[in-house]
Amino acid sequence: MVHGIGDERDGARPGVDGLPGGGLNIAHEAADRHVARGRGDRVALRCPGRDGTVRTVSYAELSGLSGRFAGLLHRLGVERGERVFTLLGRVPDLYTAALGTLKAGCVLSPLFSAFGPEPVRTRLAAGDGRVLVTTRALYRRKVACLRGSLPGLRHVLLVDGAADGDEGPGTVALHPALAAADPDTPCAPTGPEDMALLHFTSGTTGRPKGAVHVHGAVVGHLATARHALGLGADDVFWCTADPGWVTGTSYGIVAPLAAGATVLVDDGEFDAERWYAILRDHRVAVWYTAPTAIRMLMKAGAAVARRYDRPALRVIASVGEPLNAEAVTWAQDTLGLPVRDTWWQTETGAIMIACAVDAPVRPGSMGRPEPGIEAAIVTRTPGGGVRVADGPGTVGEIALRAGWPSMFRGYLGDEERYRRCFADGWYLSGDLGVRDADGCFRFVGRADDVIKAAGHLIGPFEVESVLMEHEAVAEAGVIGVPDPIAGETVKAFVTLKAGHTPSEALARALIGHARARLGPAVAPRALEFRDALPHTRSGKIMRRLLKARELGLPEGDLSTLEGNGDGRR
Ligand code: 6R9
């Protein structure tokens, strides 16, 4: 097993303590050990309210709250290894639920609160969710209607519930239940290879994949937070990612708490003035955000930025989508700091390649592999193996030598799909890149059809399936089209069943249907009707070709294109 850098004194697992009786549990590393080290009074969470007040939660309080949550899960009969889902924004209860779930030895699976009922249902069903933690409003809007189809979902814990059962059978008011639970509920004696986190991610085909992560991943979260982001225990850290995205868990919850830092917890939407005020008023030192956010700040203009100072800000870093060179230099000129790029995936669990704080920033380059990580550019060979590129300058797939601590350990229930991610001891990322003579990696593109809109990975299949539920739709093909702010937005091409004719009103109705089912973050922004869609001979929609035609790019290899029905008349 490869380890990242860490504190030598901590022995075999750098940077982490391990459970007092042996074993490893993320919740212990993220809360209890700070209390054991006499740092229980330090602020773990700093939560600005809309009214200007600031609530803080100390490490000792977080340890107690997560103990209570674990005790509550025990009382409800939830067993070790069972899945607890969250459908919450960035609110203090999220941290209680996340760490409490891990403390109980259960598995945490966070969902996007912007999801519509359909993505919520598929994930709860695929992950066999036993418990869901959410708000009354989200429960009413997105889950109540699904309860009948989710017999395994036994308990719904409502963070703003008034009384048990007030939203129907199996609903529990979280706060009174926590008040009655034992804050000293001990941490389950999990081991480093026990399943801890389940993150759903989207692929080109099929339903979302549940990437399985283990407690040992905390070693990678912590090492990279320190090395790539330069995070220390005295820092205020702000990660703007939604908790439903792997970044919002690995770096929104686990890494900064394991580092003993103060996590800024803000649930608001993007607003340039408010964001600058947060950086100033809460003395944020390390800020982890996304290229879309930087581009939105660029759009808001330099004048706004100049009205606020950033007294403690030391590091700005981003993840999730290509970071354009202009954004890096704009930040340097306007905010006085460059944006440091980091590259990783749901599957990798933690940052793999980064323009780390100790390295010079080269706009357009993602930087180098983190310590303990071996990355290469490879091409797949016909025999199912890989060939590592000899020298710099070759475009190929970004691959990582398998075996780092935060590497995913499986796709839930899909061993075959997991196996296909590896060849000759390398994990194949599905991203294309190139390495320069200095060992720095540049991002070239995706090798598959998945869409990255505002940093969020969207599987075209999930969107197509929902469009095809509509009575008028015969077939749908979904692609990402470039957008100056969000990187990409979702666009759908649709053929209609006999008896239906294209119209503006129908396009609006289809987009409306998709928004209601999928949520606005996933639904298409644009929709066009076609007489036919291009297919491969095996019947798959050729999204690549839809995209090439939409963007006026070369159509590439058409040898698998079906003779008829390419959609162009
Ligand atoms: C953490 C996260 C992973 C995909 C990845 C790649 C894209 C991530 C990037 C980047 C260009 C970067 N991606 N970091 N593209 N530059 N620095 O985003 O996980 O949602 O699984 O997405 O995001 O295409 O393969 P996930």
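Residues numbered from 1 in each chain as written. Predicted model: local features only at pLDDT ≥ 70, side-chain atom pairs only at ≥ 80, totals over all residues. Heavy atoms only, no water.

**Topic: the packing of aromatic side chains**
Taken as a whole, this structure holds 17 aromatic pairs when the rule is applied. An angle of 75° between the planes, with centres 5.3 Å apart, marks the rings of Phe-112 and Phe-115 as edge-to-face. Note on Phe-112: relative accessible area 12%, which makes it buried. On the basis of relative accessible area, Phe-115 is assigned to the buried category, the value being 9%. The interplanar angle of 25° and the centroid separation of 6.0 Å between the aromatic rings of Tyr-276 and Tyr-308 together place this pair among those described as stacked. Here Tyr-308 lies in the loop between helix H11 (302–306) and strand E13 (315–318) and Tyr-276 lies in helix H9 (residues 272–281), a separation of 32 residues in the sequence. A relative accessible area of 0% means that Tyr-276 is categorised as buried. (Phe/Tyr/Trp six-rings, centres within 6.5 Å; stacked < 30°, edge-to-face > 60°. Buried < 20%, exposed > 50% of the residue type's maximum accessible area, 1.4 Å probe, protein only. Helix = DSSP H or I, 4+ residues; strand = E, 2+ residues; numbered from the N terminus.)

**Some thoughts on the nonpolar core**
In terms of nonpolar packing, the biggest core is built from 134 residues, with Leu-45, Val-133, Tyr-251, Leu-257, Tyr-288, Leu-467 and Val-494 touching the most fellow members. Per-element tally for this core: the top contributor is helix H8 (residues 246–258), with 7 residues. Excluding residues that lie within four positions of it along the chain, Leu-467 makes contacts with Val-473, Ala-476, Val-478, Ala-492, Val-494, Leu-510, Ala-514, Pro-524 and Leu-527. Counting residues in each nonpolar core, the second largest holds 27 residues, with Trp-275, Val-284, Ile-316 and Ala-327 among its members. (Core = buried A, V, L, I, M, F, W, Y, C linked by side-chain atoms within 4.5 Å. Contact = heavy atoms within 4.5 Å.)

**Digging into the pairing of strand E8 (residues 195–201)**
In terms of residue burial, E8 counts as a mostly covered element, since 6 of its 7 residues are buried. Sheet topology places E8 next to strand E9 (residues 209–214); 6 bridges connect them, and they run antiparallel. Among the inter-strand pairings, Leu-198 is bridged to a residue of E9, identified as Val-212. (Pairing = 2+ DSSP bridges.)

**Let's talk about the sheet that holds strand E28 (residues 526–529)**
With mixed pairing, the 3 strands of this open sheet are ordered in space as E26-E27-E28. The open sheet has two edge strands with one neighbour each: strand E26 (473–483) and E28. Adjacent strand axes in the sheet meet at a mean angle of 25° when their direction is disregarded. Pairing of strand E27 (residues 487–496) with E28, which is carried by 4 bridges, proceeds in the parallel orientation. Counted as the bridge partner of Phe-493 is Glu-528 from E28. The strands touched by helix H14 (residues 460–469) are E26, E27 and E28; relative to E26, the strand with the most contacts, the crossing angle is about 140°. (Axes fitted to C-alpha atoms, helices over the stretch in contact; angles between N-to-C directions.)

**With respect to the domain arrangement of the protein**
When the domains of the protein are assigned, the result is domain 1 (24–435) and domain 2 (449–551). Measuring from the centre of the C-alpha atoms in domain 1 to the corresponding centre in domain 2 gives 28 Å. The interface is formed by 24 residues belonging to domain 1 together with 27 residues belonging to domain 2. When domain 1 packs against domain 2, the two sides together hide about 1,900 Å² of surface, and 57% of this comes from carbon and sulfur. For the pair domain 1 and domain 2, the number of links is 2 salt bridges. Taken together, the connections running from domain 1 to domain 2 amount to 8 residue pairs in polar contact (both at pLDDT 80 or more). Counting residues per element, the ones that place at least two in the side of domain 1 that touches domain 2 are helix H4 (117–126) and helix H10 (291–300). With 5 residues, H4 is the largest single contributor of residues to the side of domain 1 that touches domain 2. For the side of domain 1 that touches domain 2, the class distribution of residues is 8 nonpolar, 10 polar and 6 charged. (Domains from an automatic or database assignment. Buried area = accessible area lost by both parts, 1.4 Å probe. Salt bridge = Lys/Arg side-chain N within 4 Å of Asp/Glu carboxyl O. Polar contact = N/O pair within 3.5 Å; in protein donor to acceptor, adjacent residues only side chain to side chain. Nonpolar A, V, L, I, M, F, W, Y, C, P; charged D, E, K, R; others polar.)

**Some points on the packing of helix H1 (residues 26–36) against helix H3 (residues 92–103)**
At a minimum axis separation of 8 Å, H1 and H3 run at an interaxial angle of 120°. Accordingly, the angle class assigned to the pair H1 and H3 is oblique. In this structure, H1 meets H3 at a crossing whose hand is left-handed. Between H1, through Ile-26, Ala-27, Ala-30, Ala-31 and Asp-32, and H3, the contact on the second element is made entirely by Leu-99, Leu-102 and Lys-103. Classifying every residue of the contact of H1 with H3 by side-chain character gives 6 nonpolar, no polar and 2 charged. (Parallel < 35°, antiparallel > 145°, perpendicular 65-115°, else oblique. Left-handed = near helix turned anticlockwise from the far one by under 90°.)

**Some details on the site of the ligand**
Surveying the vicinity of the ligand reveals 19 residues, the closest of which are Trp-245, Asp-341, Thr-342, Thr-346 and Arg-446. Interatomic distance of 2.7 Å between a backbone N/O atom of Thr-342 and a nitrogen atom of the ligand. Here an oxygen atom of the ligand and a side-chain polar atom of Gln-345 are 2.8 Å apart. For the ligand, whose accessible area on its own is 530 Å², the fraction buried by protein is 98%. Elements with a contribution of two residues or more to the shell around the ligand: H8, strand E14 (339–343) and strand E23 (441–446). Sorting elements by how many residues they give to the shell around the ligand places E14 first, with 3 residues. Of the residues belonging to the shell around the ligand, the class tally is 9 nonpolar, 5 polar and 5 charged. (Near = heavy atom within 4 Å. Areas by Shrake-Rupley, 256 points an atom, 1.4 Å probe, with all protein chains shown as cover.)

**Quick look at the sheet that holds E14**
The strands making up a sheet associate through hydrogen bonds between their backbones, and the pairing can be parallel or antiparallel. The 9 strands are arranged E2-E1-E11-E10-E12-E13-E14-E15-E16 in an open sheet whose pairing can be described as mixed. Every interior strand has two partners, whereas the edge strands, strand E2 (54–58) and strand E16 (368–369), have only one. Note: strand E1 (residues 43–48) against strand E11 (residues 262–264), 2 bridges, orientation parallel. The residue bridging Leu-45 from the neighbouring strand is Val-263, located in E11.

**A look at helix H5 (residues 136–143)**
Every buried residue of H5 is listed here: Leu-138, Tyr-139, Lys-142 and Val-143. All buried residues of H5 lie within an arc of 100° about the axis, which places them on one face of the element. (Arc of directions from axis to C-beta.)

**Section: H9**
What H9 keeps buried is the set Ala-272, Trp-275, Tyr-276, Ala-277, Ile-278 and Leu-279. Contact partners of the buried residues in H9: strand E10 (236–239), E11, strand E12 (286–289), H10, H11 and helix H12 (325–335). In the segment just after H9, Arg-283 is the residue with positive phi, at about 50°.

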